[in-house]
4 protein chains.
Amino acid sequence: MAGLKEACGVFGIYDMDGGNVVPSVYYGLTALQHRGQESCGIAVSRTEGEAGNICFHKDLGLVNEVFHEDTLAKMQGDIAIGHVRYSTTGASVAENAQPLVLSYIKGTLALAHNGNLINTPELKWELIQNGAIFHTTTDSEVIAFHIARERVHTKSVEEAVLKTAKKLKGAYGLVIMSPRKLIGVRDPYGLKPLCLGRRGNAYIFASESCALKSVGAEFIRDVEPGEMITVSRNGIESNKELEKKKHAHCVFEYIYFARLDSTLDGLNVYDARIRGGRLLAESHPADADLVTGVPESGIPAAKGFSEASGIPFGLAFYKNSYIGRTFIKPTQKERESSVHMKLSVLDPVVRGKRIVLVDDSIVRGTTIANLIHMLKEAGAREVHVRISSPPFLCPCYFGTDVPSNDQLIASGRTAEEIRDMIGADSLGYMEIGCLEDMAEGIPLCKACFDGKYPMDTAGVEEGSFCSPVSKKEK
Amino acid sequence: MAGLKEACGVFGIYDMDGGNVVPSVYYGLTALQHRGQESCGIAVSRTEGEAGNICFHKDLGLVNEVFHEDTLAKMQGDIAIGHVRYSTTGASVAENAQPLVLSYIKGTLALAHNGNLINTPELKWELIQNGAIFHTTTDSEVIAFHIARERVHTKSVEEAVLKTAKKLKGAYGLVIMSPRKLIGVRDPYGLKPLCLGRRGNAYIFASESCALKSVGAEFIRDVEPGEMITVSRNGIESNKELEKKKHAHCVFEYIYFARLDSTLDGLNVYDARIRGGRLLAESHPADADLVTGVPESGIPAAKGFSEASGIPFGLAFYKNSYIGRTFIKPTQKERESSVHMKLSVLDPVVRGKRIVLVDDSIVRGTTIANLIHMLKEAGAREVHVRISSPPFLCPCYFGTDVPSNDQLIASGRTAEEIRDMIGADSLGYMEIGCLEDMAEGIPLCKACFDGKYPMDTAGVEEGSFCSPVSKKEK
Amino acid sequence: MAGLKEACGVFGIYDMDGGNVVPSVYYGLTALQHRGQESCGIAVSRTEGEAGNICFHKDLGLVNEVFHEDTLAKMQGDIAIGHVRYSTTGASVAENAQPLVLSYIKGTLALAHNGNLINTPELKWELIQNGAIFHTTTDSEVIAFHIARERVHTKSVEEAVLKTAKKLKGAYGLVIMSPRKLIGVRDPYGLKPLCLGRRGNAYIFASESCALKSVGAEFIRDVEPGEMITVSRNGIESNKELEKKKHAHCVFEYIYFARLDSTLDGLNVYDARIRGGRLLAESHPADADLVTGVPESGIPAAKGFSEASGIPFGLAFYKNSYIGRTFIKPTQKERESSVHMKLSVLDPVVRGKRIVLVDDSIVRGTTIANLIHMLKEAGAREVHVRISSPPFLCPCYFGTDVPSNDQLIASGRTAEEIRDMIGADSLGYMEIGCLEDMAEGIPLCKACFDGKYPMDTAGVEEGSFCSPVSKKEK
Amino acid sequence: MAGLKEACGVFGIYDMDGGNVVPSVYYGLTALQHRGQESCGIAVSRTEGEAGNICFHKDLGLVNEVFHEDTLAKMQGDIAIGHVRYSTTGASVAENAQPLVLSYIKGTLALAHNGNLINTPELKWELIQNGAIFHTTTDSEVIAFHIARERVHTKSVEEAVLKTAKKLKGAYGLVIMSPRKLIGVRDPYGLKPLCLGRRGNAYIFASESCALKSVGAEFIRDVEPGEMITVSRNGIESNKELEKKKHAHCVFEYIYFARLDSTLDGLNVYDARIRGGRLLAESHPADADLVTGVPESGIPAAKGFSEASGIPFGLAFYKNSYIGRTFIKPTQKERESSVHMKLSVLDPVVRGKRIVLVDDSIVRGTTIANLIHMLKEAGAREVHVRISSPPFLCPCYFGTDVPSNDQLIASGRTAEEIRDMIGADSLGYMEIGCLEDMAEGIPLCKACFDGKYPMDTAGVEEGSFCSPVSKKEK
């Protein structure tokens with residue numbers, strides 16, 4: 001797979017015993033690194049003494065590139081939030097790194113946000129007309145502004161957050177740090193994940209449960225869709241005014257985004273992927289000698305396919321894990337004469353075999369075509385491709401960076417045409433109807449497959465809703 | 001000298017022929033580097049096509065450290081502003097680097113600001129109460145917010161700038177870039193310098209005339225105190241609604257800050273310093289064999305002293321110019337056994353001589369004491385210190401970072417006590433009354449010497465007016 | 001597994017059509033990166049024009065960290081060698097990076113060396129007594145010196161290389177670049193691998209066949225033990241004067257070092273590891289529900305164990321691939337409260353299961369103990385450890401950095417004692433006698449397990465043979 | 001002036017009280033930075049315990065760029081040497097940085113060398129024929145090799161150094177560190193400077209006396225031409241076997257290279273330059289209103305000219321000291337429209353004046369022509385150029401990088417032709433005959449002016465003597 005980009009991962013922690021929480025944010029973000037590799041940041045403060053005096057550091061790069069021992073040593077506090085981000089390219093992306101740290105009427109505030117709003121232009125326009133200025137092009141700054149504006153009239157920061165949340169349309173998993181409170185909020189449909197954990201007297205919010213595990217915390221429960229949880233000296237307070245009857249958890253978290261060892265909204269990711277492979281084997285059986293998966297994303301579904309079909313599972317590829325961000329990709333000419341640098345075929349495994357090749361999705365189709373070609377060159381007799389999700393046909397407005405239609409191989413093509421283009425002997429996509437089974441019945445947002453968005457998206461322009469203000473001066 | 005820090009230098013350029021102006025900003029900022037060495041930045045845009053699409057780069061470091069060939073190559077446009085800054089230390093100083101770039105109701109805006117406001121708390125409080133959020137602790141962001149707020153109701157950006165300027169109290173030389181206009185504004189007293197130049201069809205604002213020269217531009221005139229000049233397709237428009245009857249140019253520009261080869265408000269800096277030395281020779285003559293200056297700041301006044309007194313001028317120190325920002329200073333122990341790394345005495349010049357040592361000012365007194373000691377060790381018979389400015393006694397609220405009273409050697413001490421502390425054989429300060437002569441009668445702000453501020457400063461807390469919002473959440 | 005470090009990987013290429021070979025070295029070294037991650041380097045030259053004018057670049061770091069696009073663009077030529085290195089720590093390791101580039105009687109020479117000599121002190125002493133000086137502490141410099149000394153009396157560089165090789169005792173895979181020749185030599189026992197490939201008119205040497213594949217070259221054959229192959233304008237010439245009757249290929253290449261998709265001396269690495277797992281299942285069966293491997297090194301043997309035993313294979317761990325070299329490891333305290341950052345257990349896979357956990361080797365035993373603990377915490381009922389190699393008991397003198405006895409868990413302990421220490425329910429090591437079966441009868445060096453070295457190692461001090469000259473001046 | 005490059009500066013220190021000497025080397029090299037700005041390095045060791053265990057660090061850059069606090073903290077010892085270098089460009093210059101650190105028959109050795117040998121090819125050829133290999137293209141490695149070869153048969157390292165020195169032809173100031181001895185050697189003609197100082201029980205060698213001053217050491221005496229001084233536990237031992245009757249100190253040290261505050265071979269540099277200016281005034285008087293010098297190199301001679309002529313001295317240029325190594329020079333087009341970034345004219349000083357412009361030398365003539373043009377543009381009525389050295393006509397073989405003839409403006413031109421080219425109203429060079437007067441009679445090497453080399457230079461190819469071995473393999 002590949003080609004789909006997740007927006008972000010968030011983490012927040014407040015240790016009521018006053019212990020320094022920065023190392024926990026570091027490890028938590030490392031555990032969430034798969035959700036965003038372009039930039040990351042940590043903001044930390046103390047709830048005692050000079051409360052609200054926030055120290056922060058954020059930059060482009062992986063967590064272990066941005067934070068070194070001396071940087072971490074300078075950051076101390078009992079309350080902190082962190083963020084990992086996949087941002088689109090551009091000259092000033094470092095400016096858009098999170099957490100966002102700012103001062104307003106009630107002191108300082110830091111926010112970390114996963115997801116995308118669909119009413120940003122309206123929210124922004126309202127502010128702009130009152131003379132707001134923006135430093136970034138992020139939704140997060142718009143949210144912060146509304147909180148600040150509400151805070152003028154409210155008794156507490158959580159009240160301002162709640163009033164703001166009521167205006168937001170879209171997907172969000174949000175952690176907010178005020179001088180003495182840590183707040184987690186999740187959008188009313190539960191599109192983006194957020195969970196709550198505990199380690200001693202420290203409470204923790206994280207996008208995925210794997211991050212709780214990484215810091216030795218116990219999972220308490222998911223933040224419910226539409227729920228706001230406030231952690232303060234007074235303990236934990238929950239507010240559910242926002243809650244919608246109808247929930248819609250992003251199906252792609254289970255198919256691809258989330259870590260194998262996470263459990264989101266009661267559904268274990270590994271289990272879901274194994275089940276996906278099993279369902280695929282039932283609906284799209286193949287007469288073959290070996291089932292294999294595209295590393296790493298296709299491996300669990302391949303295992304499931306193998307279990308259900310009885311066809312042995314095997315590893316057909318070696319993955320070179322030393323190809324970092326600065327790797328210089330082969331030119332077209334070099335690519336033709338040489339081969340795939342990241343994956344190479346284990347020839348003895350595939351030679352003479354009829355192979356089922358499982359992946360989680362096809363975006364542009366170039367990667368899978370390349371792999372099929374490599375398998376055949378290595379002597380595979382047949383290659384039957386099975387995809388553990390339906391074809392992408394519709395844009396996602398909630399934070400998943402699906403390429404535009406003209407780049408999606410499934411757009412306007414039949415499965416047979418796609419099969420032909422990628423050079424497979426057969427091709428099977430999971431049926432939309434099977435997704436509920438895969439997810440054991442929890443409510444899903446499957447809009448990228450069927451266009452049925454959980455909320456009204458009329459008028460939302462694909463990709464444009466988060467662009468900078470474009471009204472030009474005359 | 002030394003110990004005084006200037007706030008900033010600004011530069012702005014708009015080439016109506018559409019030529020790329022970025023190299024000019026680079027050279028212009030290099031010429032202004034003496035005004036600020038901590039951080040710098042450039043923001044550039046195009047007035048045609050995607051007007052208002054600003055590309056910017058700013059960071060801690062000197063101009064030639066922050067901008068490399070590849071960085072500059074990526075920045076292109078016909079309108080740009082730049083900034084060099086001396087900022088105080090702190091964890092997030094990079095966030096405070098300028099120009100400030102932001103978007104608001106009318107598109108994008110970039111600002112570069114030299115000087116300090118004294119009513120920032122009031123200006124900020126007004127905004128905060130209406131829900132503003134702040135990313136930085138700079139005056140510049142406060143100014144930008146007010147412009148944005150005014151812009152909601154005004155027909156043009158210059159109108160919004162003017163309305164904002166009317167609210168500002170303090171010192172400022174300001175350049176503002178909107179999508180299609182370049183605006184320069186100077187505070188009504190003319191505390192901070194700003195001038196206008198031209199090269200072909202390009203108009204240029206700069207803090208000092210030396211920056212015009214460095215880019216081959218001709219000096220047109222100083223921006224007048226309280227004047228706002230707008231450069232647009234329609235040409236140059238001047239507005240003088242802000243002007244005050246009473247002007248007050250910062251005397252320290254002539255004594256120390258400005259470059260020797262600049263001319264500010266009609267007064268040439270080199271001439272002023274020579275004249276300062278002459279006046280000093282008249283009021284505080286000395287019976288000596290040689291006049292020398294502390295490099296570099298004391299050299300011109302030493303020349304003037306020599307001319308007026310007839311005592312020969314000589315160079316008594318070698319200055320090591322390879323001691324950069326990362327130089328590791330000797331420890332106290334090393335300093336005792338070794339000597340001054342930056343300056344060393346030319347023994348044959350001073351041996352057996354009675355010396356007049358001229359400098360522009362004394363702040364803490366440690367440097368001058370050290371130099372006197374070095375001269376005596378090298379065989380100087382007498383060292384007569386002459387200072388081309390009066391003693392510092394009062395805080396500056398307009399952007400000059402004078403240390404607090406307990407660090408100022410002149411605070412609470414007679415000249416005789418100071419002479420004794422620094423180990424000089426005699427000590428003479430320029431009289432306050434001579435400053436007008438030095439400046440050929442142009443109106444000066446001399447508040448750091450006599451406490452007579454050009455505007456009401458009651459209630460302004462020294463150093464605190466630009467601190468972050470400190471109202472804490474309960 | 002882990003704790004064993006391989007010395008190096010080498011790569012050499014000469015394109016007789018004159019094409020630029022530097023990109024091929026870059027991709028070849030990337031494919032060999034698993035053999036050494038501390039430093040790397042490339043030396044390139046032209047065989048025409050200014051032949052022997054070598055351009056080189058080497059530094060600490062991974063291939064994609066050391067070489068950027070601009071560095072590569074400056075390096076051009078039709079003949080080149082490269083190296084990846086695992087070096088021991090120390091202040092000046094960058095000095096020891098390879099290739100070694102030097103000038104001598106016949107112009108310039110570059111060498112890249114994989115392996116360790118055991119008679120370095122004698123070889124060095126002979127040189128030192130004649131006034132040689134050394135810049136590095138590498139074997140490679142000693143080899144280069146002997147070549148230079150022989151070259152005084154020989155007609156060709158290959159003759160000098162051959163004479164030198166006759167003096168070397170130990171393990172080596174060596175590629176040498178002279179102004180117009182590329183030479184590959186392998187030690188007489190074939191301890192270290194080296195193979196020959198071809199792409200058009202370009203000939204290539206590489207430590208492993210996977211590197212040939214990565215540049216689109218076809219595998220011709222292994223360089224035979226004791227063979228020297230010279231590539232020049234005259235084509236390929238082979239010399240086998242060095243060959244020993246008895247061969248001894250390092251068994252650990254098959255167990256751990258080499259890439260899964262390489263074939264060394266006719267034996268495919270993946271096949272060997274699968275077979276190792278099968279043999280283990282036969283000799284050390286287990287009554288269990290699931291077979292799993294320690295990622296990545298234990299996976300293939302686990303697959304083999306599963307196939308032979310009929311117990312289903314499963315993935316029990318998620319591996320975080322974002323933990324780079326600069327990752328800050330948790331402190332002891334953090335490690336206790338939190339858990340393993342690199343691997344985490346897939347709870348649903350292991351809960352309630354009796355598990356066979358396969359790895360390729362145990363060095364210190366701490367990693368495996370940790371993993372067993374994690375599996376049990378996640379609900380595994382039993383954990384049966386199976387190791388696809390015998391216990392380490394003896395030092396390796398040929399380039400594998402086995403820790404000293406006091407750090408080896410197997411040293412002086414019975415299997416039962418080890419089992420108890422690591423907390424496993426049962427423990428089975430592969431029998432030494434099975435290694436031949438695993439390797440399909442090719443001759444092996446198994447000295448790290450049985451102490452039977454292929455050559456006389458009396459007097460060789462473990463670890464000391466490559467230390468700097470230690471005769472001190474009086 | 002500019003265009004002439006000095007080779008190097010050396011520093012060595014041995015503290016018999018065991019104190020850490022690394023900070024002293026750091027400050028000493030900083031004081032010598034004017035002698036070489038491309039690379040620098042420090043090698044340090046302990047004379048007790050693990051004597052000969054050398055720790056070193058060297059890299060491209062200024063002393064304060066290459067050494068940071070953490071680097072220095074790791075380097076400790078009671079004996080150390082250091083080096084600053086001006087190296088020619090090339091791909092692998094970092095390899096040529098000094099000190100050279102190596103191991104040989106008697107342990108380790110470190111060398112730092114200032115100057116150039118003229119018999120390097122013969123010295124190298126002798127070694128190469130015996131099988132030597134070279135890592136660098138420096139003379140220093142050749143010297144080290146000969147020391148190592150001699151050391152086989154000698155009782156002490158100083159004996160080997162002496163035997164080696166007897167073979168060397170050319171210029172050298174050499175400091176050598178063996179495990180327990182610090183040795184300084186100077187070439188028999190005394191072409192390159194070297195002096196000895198003391199601080200407590202620490203003895204110090206330095207290229208110039210200013211470096212002694214910078215570390216609080218007292219100047220003992222110059223190392224005499226042809227003298228070798230050995231500092232060891234036994235104290236100071238001097239050997240003068242090498243001494244030549246005829247001495248020849250490089251005249252350019254006094255004219256340009258050395259620091260104003262240094263005294264070399266009894267002659268103070270500042271005094272010499274003042275005297276140079278006086279002599280120039282006598283032989284080439286001018287009818288003018290002001291004498292000024294090109295900063296910084298021309299200032300002292302201008303002072304001398306002023307004193308002798310009675311024409312007032314003035315500063316006509318402001319020098320921008322913030323233009324560092326990474327400064328992006330204006331393109332030709334920018335240079336035409338803009339002006340000189342590094343120097344700018346102080347208009348009021350020069351307007352309407354007839355000016356004497358003094359510099360130490362003219363190399364290519366472009367800089368002086370540019371400055372004359374700037375002075376005239378600023379209103380100077382006449383510009384009379386006076387140069388405090390004769391015209392360059394001959395190559396220097398001893399370490400000064402004089403450009404080749406076709407780049408020297410004086411080559412093949414009369415003074416009148418040069419005057420015309422640079423646009424001066426008159427031009428006067430110091431007469432060769434005056435140099436002795438300037439130097440108060442100390443013996444000089446003036447070969448760059450008159451071609452009378454102190455030793456036989458027949459057959460020495462300009463620029464080629466230090467090139468890499470060029471015998472190519474067939």
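Residues numbered from 1 in each chain as written. Chains lettered and ligands numbered in written order. Predicted model: local features only at pLDDT ≥ 70, side-chain atom pairs only at ≥ 80, totals over all residues. Heavy atoms only, no water.

Quick notes on the relation of the copies chain A and chain C
Alright, step 1. Rotating chain A by 180 degrees and translating it 0.0 Å along the rotation axis places it on chain C, where the RMSD comes to 0.0 Å. Read as a symmetry element, the transformation amounts to a two-fold axis. By C-alpha distance to the rotation axis, the residue of chain A lying nearest is S321(A), at 3.8 Å.
Alright, step 2. Both copies present the same face, since 100% of the interface residues in chain A are matched by interface residues at the equivalent positions in chain C. (Least-squares fit on C-alpha atoms with pLDDT ≥ 70 in both. Contact = heavy atoms within 4.5 Å.)

Structural notes on the domain arrangement of chain A
Residues and elements named next belong to chain A.
Alright, step 1. When cut into domains, chain A gives domain 1 (8-247) and domain 2 (270-444).
Alright, step 2. Each of domain 1 and domain 2 has a C-alpha centre, and the two are 35 Å apart.
Alright, step 3. Opposite the 12 residues of domain 1 that make contact, domain 2 presents seven residues.
Alright, step 4. Summing the contributions of domain 1 and of domain 2, the shared interface buries around 690 Å²; its carbon and sulfur component is 58%.
Alright, step 5. Contact with domain 2 buries area across many residues of domain 1, yet N116, I118 and H247 alone supply 42% of it, more than any other trio.
Alright, step 6. On inspection of domain 1 and its partner domain 2, the count reaches zero salt bridges.
Alright, step 7. Here domain 1 is connected to domain 2 by one residue pair in polar contact (both at pLDDT 80 or more).
Alright, step 8. Its residues assigned to classes, the side of domain 1 that touches domain 2 comprises three nonpolar, seven polar and two charged. (Domains from an automatic or database assignment. Buried area = accessible area lost by both parts, 1.4 Å probe. Salt bridge = Lys/Arg side-chain N within 4 Å of Asp/Glu carboxyl O. Polar contact = N/O pair within 3.5 Å; in protein donor to acceptor, adjacent residues only side chain to side chain. Nonpolar A, V, L, I, M, F, W, Y, C, P; charged D, E, K, R; others polar.)

Digging into a negative patch on the surface
Alright, step 1. Side chains of E69(B), D70(B), E69(C) and D70(C) sit close together on the surface and give a patch of like negative charge.
Alright, step 2. Those elements that place two or more of their residues in the negative patch are α3 (69-74) of chain B together with α3 (69-74) of chain C. (Patch = residues over 30% accessible without salt bridge, like charges linked within 9 Å, V, L, I, M, F, W, Y side chains within 5 Å. Areas by Shrake-Rupley, 256 points an atom, 1.4 Å probe, with all protein chains shown as cover. Lys, Arg positive; Asp, Glu negative; His and termini not counted. Charge placed at Lys NZ, Arg CZ, Asp CG, Glu CD. Helix = DSSP H or I, 4+ residues; strand = E, 2+ residues; numbered from the N terminus.)

As for the interface of chain A and chain C
Alright, step 1. Across the contact, 51 residues belong to chain A and 51 residues belong to chain C.
Alright, step 2. For the pair chain A and chain C, the two sides together bury roughly 4,300 Å², of which 63% comes from carbon and sulfur.
Alright, step 3. Considering only the surface of chain A that becomes buried against chain C, Y27(A), Y322(A) and I328(A) emerge as the three largest contributors, covering 17% of it.
Alright, step 4. At the boundary of chain A and chain C, one finds two salt bridges.
Alright, step 5. For K213(A), the salt bridge identified is with D347(C), shortest N-O distance 3.5 Å.
Alright, step 6. The interface formed by chain A and chain C holds 20 residue pairs in polar contact (both at pLDDT 80 or more) in total.
Alright, step 7. Looking at the side of chain A that touches chain C, the element that brings in the most residues is helix α1 (residues 22-31) of chain A, giving five residues.
Alright, step 8. Split by residue class, the side of chain A that touches chain C holds 25 nonpolar, 16 polar and 10 charged.

Regarding the sheet that holds strand β20 (residues 354-359) of chain C
Residue and element names in this part refer to chain C.
Alright, step 1. Taken together, four strands build an open sheet; the order of strands is β17-β20-β21-β22 and the sheet is parallel. The open sheet terminates on both sides in strands that have one partner only, identified here as β17 (290-293) and β22 (426-429). Taking the axes of each pair of neighbouring strands and ignoring which way they run, one obtains an average angle of 20 degrees across the sheet.
Alright, step 2. The strands that helix α10 (residues 299-309) touches are β17, β20 and β21 (382-387); relative to β17, the one it contacts most, it runs at about 160 degrees. (Pairing = 2+ DSSP bridges. Axes fitted to C-alpha atoms, helices over the stretch in contact; angles between N-to-C directions.)

So, the arrangement of the chains
Alright, step 1. With respect to C-alpha atoms, chain B approaches chain C no nearer than 12 Å, and the pair has no contact.
Alright, step 2. The two partners chain A and chain D share no contact, and the minimum distance between any of their C-alpha atoms is 12 Å.

Quick notes on the side chain of K181(C)
Residue and element names in this part refer to chain C.
Alright, step 1. Relative to the helices and strands, K181 resides in strand β8 (residues 181-186).
Alright, step 2. For K181, a relative accessible area of 12% gives the class buried.
Alright, step 3. Side-chain polar atoms of K181 contact the side chain of E158, separated by 3.0 Å. (Buried < 20%, exposed > 50% of the residue type's maximum accessible area, 1.4 Å probe, protein only.)

Brief notes about the pairing of strand β6 (residues 107-114) of chain B
Residue and element names in this part refer to chain B.
Alright, step 1. Most of β6 is tucked away, with eight of its eight residues classed as buried.
Alright, step 2. Bridge analysis of strand β5 (residues 100-104) against β6 gives five bridges, and the strand direction is antiparallel. Residue L102 lies in a different strand from β6, and its bridge partner there is L109.
Alright, step 3. Linking β5 to β6, which pair antiparallel, is a turn of two residues.
Alright, step 4. Summarising the sheet, β6 and strand β7 (residues 173-178) pair through five bridges and their orientation is antiparallel. Residue N114 lies in a different strand from β7, and its bridge partner there is G173.

Describing the sheet that holds strand β17 (residues 290-293) of chain A
All names here are of chain A.
Alright, step 1. The four strands lie next to each other as β17-β20-β21-β22, forming an open sheet whose pairing is parallel. Since the sheet does not close on itself, it has two edges, and those belong to β17 and β22 (426-429), each with one partner. Across this sheet, the average inter-strand angle for adjacent strands is 20 degrees, counted without regard to direction.
Alright, step 2. Bridge count between strand β21 (residues 382-387) and β22: four bridges; the pairing is parallel. The residue bridging V385 from the neighbouring strand is L427, located in β22.
Alright, step 3. Relative to the sheet, helix α14 (residues 415-422) contacts β21 and β22, its axis offset from that of β22 by approximately 130 degrees.

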